[in-house]
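# Breakdown of the fold
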Number of protein chains: 2
Amino acid sequence: MDEFDQIAALFRPLTFGAPEALDLMDDAAVIAGRPGFDLVITKDAMVEGVHFLKHDPPDLTARKLLRVNLSDLAAKGATPFCYFLAVAWPPAYDEVGRGLFADGLRRDQLAYGLSLLGGDTVSTPGPLTLSVTLLGWVEAGRMVKRSGARVGDIVLVSGFIGDGGLGLQAARGELDGLGADAVAYLADRYRLPSPRLALSAALRDHASAAADVSDGLLADAGHIGDASGVALAIDLDRLPTSNAAAAWLGRQADPVAASAALAAFGDDYEVVCTAAPQTVDALRTVAAKAGTSLTRIGEVRAGQGVSARWRGVEIAIERTGWRHA
Amino acid sequence: MDEFDQIAALFRPLTFGAPEALDLMDDAAVIAGRPGFDLVITKDAMVEGVHFLKHDPPDLTARKLLRVNLSDLAAKGATPFCYFLAVAWPPAYDEVGRGLFADGLRRDQLAYGLSLLGGDTVSTPGPLTLSVTLLGWVEAGRMVKRSGARVGDIVLVSGFIGDGGLGLQAARGELDGLGADAVAYLADRYRLPSPRLALSAALRDHASAAADVSDGLLADAGHIGDASGVALAIDLDRLPTSNAAAAWLGRQADPVAASAALAAFGDDYEVVCTAAPQTVDALRTVAAKAGTSLTRIGEVRAGQGVSARWRGVEIAIERTGWRHA
C-alpha cells in the first residue's frame, strides 16, 4: 500500500463524512466559525517505549492517544469536535498493526463523538511516534483556565490518584505483592485512561480553575498555582485511591512517602480543580450526577506553586522540578 | 533543563504574547471565532533522515518545518495565523541544537506572521521527529479547494519545477557535472523552500482549484484531477525550470524522461492550479505583481487523474502509485 491507498483504506472512513475533512483529498481542512463558541485546541505527542510500551496492542495505543488529548479538553470544560493525526510508522508496523490502530481510533471516535479531519502519515526508522491535535468547542469566554484559582478556594480531584503510575509498573511486571486482579486493573488503567468529559459542564459552571492530571497530581496542582499566582496545599492523607492502590499503600513502610509518590506519578488523566467554598457542594453534586466523584484534597492559600500536608502538618516534597515545601 | 524550564526558555517567547496561547501555561489554547472567516488547518510531519538530512542545521530544519505547512496554506488562499508544535528530541539534540531550532522558528514566525499557541515536547530514542499543525484564516466559503477544476480550464504552476528533487541529490553530494554555484543553489532550495503565500489573494480571486507541489508535480496535479473528477494533461516540454535545473536537463540523454523525472520529484513547494481560460491573464497579472511567476503547463480534460504530453503527444509515465497514461 502506498500512502494514498493507506489514506483511502485506513483513514478516510474515520472522517465519518465530516464536510470539513473534504474526504482527506485536499491540502487542508476548513472549519467554519460557530457563533457564540470558541475553539479549544490541544496537541499531545506519544512515543513507543516512552509513553506506551513496545508491545502494547495497537488499538489500545490509538485509544490512549485520543484519550490523553481528550483529558485536556475535559479539564477545560470543552466538548470534543475533531482531530488531526500525525503518525510516523516504523518498518515493523505492518498492515495488520496499522489496521488495528485505525480500529482503535474508530472505536473511541464513536465513543467520544470525534471525526478525523486531516494529518500526515510518514515512515520512520525509529519508534512509533504519534501526535494528535484535538479541537473542541466551548461557549465563548467560558473555557476553564488554570489561572482562575483564588485564595480560600477548595482543591478537588476526580476519580483515583496513583493508578497511572502503579499501572505502568504493573504493565512492566514490576509490581510485586498484589493479587492478579489488582495488577490487571492497574495495568489497564495505565494502558487506557478514562478522560473525565462527564465533568465538563460541572467545571464550566462551578470551578474557578482546572487542569488534567498528566504530569502527576502535585505537578499539575502546581501548574494551577503558578498560573493563578497562588499556592495549592494538598493533603496527602486525603488522596482518593482505588482498592488496588490502597492495597499497595498498605504494604509500604512509610505511608507519607508512599502517598507522596502516588501524588507525583503521572498518567492518571484525572482532573484537579479549584472552586470557591460556596460552590463546592454544587460542583460535587453535578459531578456525582454525571457519574464522577470529586474529592476535597486541599485548599488554595497565598503563595506560589504547590505544597503538601499530612494530617494538617506541612511536609517537604522532593522531586525533579519541584522545590521543598 | 526539565520540560517546564525548556518551555519557558525556548518556546514561551515564540507565542509573541498572543492571548490565545495563555503563555503556554494551560492545558490548551483558546481561539475566538472571527466573524466572516473560516479556519484552514493543515498538519505535516517530518522525520530526520527521511524529510531532512541528519546533519542539516537545526534552524533550517525548523524553518523548513514551518514552510512545508505554510505551502499548504498558500495553495488554499489562506492567511497564516498560528501553529501548534510537537517535537520528539533524540538524546543527541543538546541545548545548543534546541536553541538553534527555536531561533529558526522565531525567524520564520516573524517573516510569515505566525505565533506559537501550544504543543508538546517529548524525548525519543529515535530520530528527531516533528509535526506542525498550522492554522490560517480565509474569508468564509472562499478556500481554494482541489475539487474545483473544470474541463477546459488551464493548468499553471508557480516558480520552478524539479529544484526540490535535484536539491536533495545536491545536498547528499550525489549531483555530478554541475558547477558549485548550481549545486549550492539546488541544495538550498531543498533545505529551505519558499511557500508561495504571495499567491494567496490571486488564487482566491481567479483559480478554480489549487494544490501545493509537495509529492511531485504529476502526483499533485493528479490529486486535483481526482478531487475534481477530471483529468489534468501536463505538457512536460513546458515545465518552468531554474538555470540550475536547465543545466542538469541539458546533460541528460533523454530529455523526455528527464523532464518526467523533474515532474515526479517531490519537495518543490510550488503551487499547481487551474483557472478558466478567461481568468488566466488576470491570475498571472496579479501573481506577477506579487512577485511570483505562473507558467501555463497544461489543460483540464474529461477523464481522471493526470496524463503527460511532450510537444503535444501523449506519453506514458511510470511511477509508483501512478498508472500509464
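Position labels on residues start from 1 in each chain and follow its written sequence. The lettering of chains begins at A and the numbering of ligands begins at 1, in the order of writing. Local features in this predicted model are restricted to residues of pLDDT 70 or higher, and side-chain atom pairs are both shown and tallied only at a pLDDT of 80 or more, whereas totals for entire chains, interfaces and linings draw on every residue.

Now for the interface of chain B and chain A. Between chain B and chain A, the contact holds 57 residues from the first and 57 residues from the second. Within the residue set of the side of chain B that touches chain A, elements represented by two or more residues are strand 1 (29–32), strand 2 (37–47), helix 2 (58–75), strand 3 (79–89), strand 4 (115–123), strand 5 (129–139), strand 7 (209–213) and helix 7 (217–228) of chain B. Under the grouping applied here, Gly and all other residues not named as nonpolar or charged are polar, the nonpolar ones being Ala, Val, Leu, Ile, Met, Phe, Trp, Tyr, Cys and Pro and the charged ones Asp, Glu, Lys and Arg. By residue class, the composition of the side of chain B that touches chain A is 29 nonpolar, 14 polar and 14 charged. Two strands are said to pair when DSSP picks up at least two bridges between them. The helix and strand labels rest on DSSP assignments: H or I over at least four residues marks a helix, E over at least two residues marks a strand, and numbering proceeds from the N terminus. Sheet analysis places strand 1 (residues 29–32) of chain A next to strand 2 of chain B, joined by four bridges and oriented antiparallel. In this description, a residue-residue contact is defined by the distance between C-beta atoms placed from the backbone, which must lie within 7 Å.

Residue and element names in this part refer to chain A. Where each domain begins and ends follows an automated or database-derived domain assignment. According to the domain assignment, chain A contains domain 1 (3–139) and domain 2 (146–315). A separation of 27 Å is found between the C-alpha centroids of domain 1 and domain 2. Each partner contributes to the interface: domain 1 provides 16 residues, whereas domain 2 provides 17 residues. Residue composition of the side of domain 1 that touches domain 2, by class: eight nonpolar, three polar and five charged.

Note: a rotation about an axis with an accompanying shift along it relates these two copies of the chain. Copies overlap after least-squares fitting; the atoms used are the C-alpha atoms of residues with pLDDT of at least 70 in both. For the pair chain B and chain A, the relating rotation is 180 degrees, the translation along its axis is 0.0 Å, and the fit reaches an RMSD of 0.0 Å. The operation mapping one copy onto its partner corresponds to a two-fold rotation axis. Across chain B, the rotation axis passes nearest the C-alpha of G126 of chain B, at a separation of 2.2 Å. Most of the interface of chain B is mirrored in chain A, where 100% of its interface residues are also at the interface.

Turning to the confidence of the model for chain A, a few remarks are in order. Here chain A averages 94 in pLDDT, and 98% of its residues register 70 or above. The model gives residues 320–325 of chain A a pLDDT under 50, and that stretch makes 15 contacts with residues more than four places away or in other chains. pLDDT expresses, on a scale from 0 to 100, how confident the predictor is about each individual residue.

Now for the nonpolar core. Of all hydrophobic cores here, the largest spans 208 residues; its most connected members are I234 and V272 of chain A together with I234 and V272 of chain B. Once residues lying within four places of it in the same chain are set aside, the contact partners of V272 of chain B are V155, V157, A210, A211, V213, L217, D220, A221 and I224 of chain B. Nonpolar cores are identified as sets of buried Ala, Val, Leu, Ile, Met, Phe, Trp, Tyr and Cys residues joined via C-beta atoms within 7 Å. Think of it as a crowd count around each C-beta: if 20 or more other C-beta atoms lie within 10 Å the residue is buried, if 12 or fewer it is exposed, and in between it is partly exposed, with C-beta placed from the backbone throughout.

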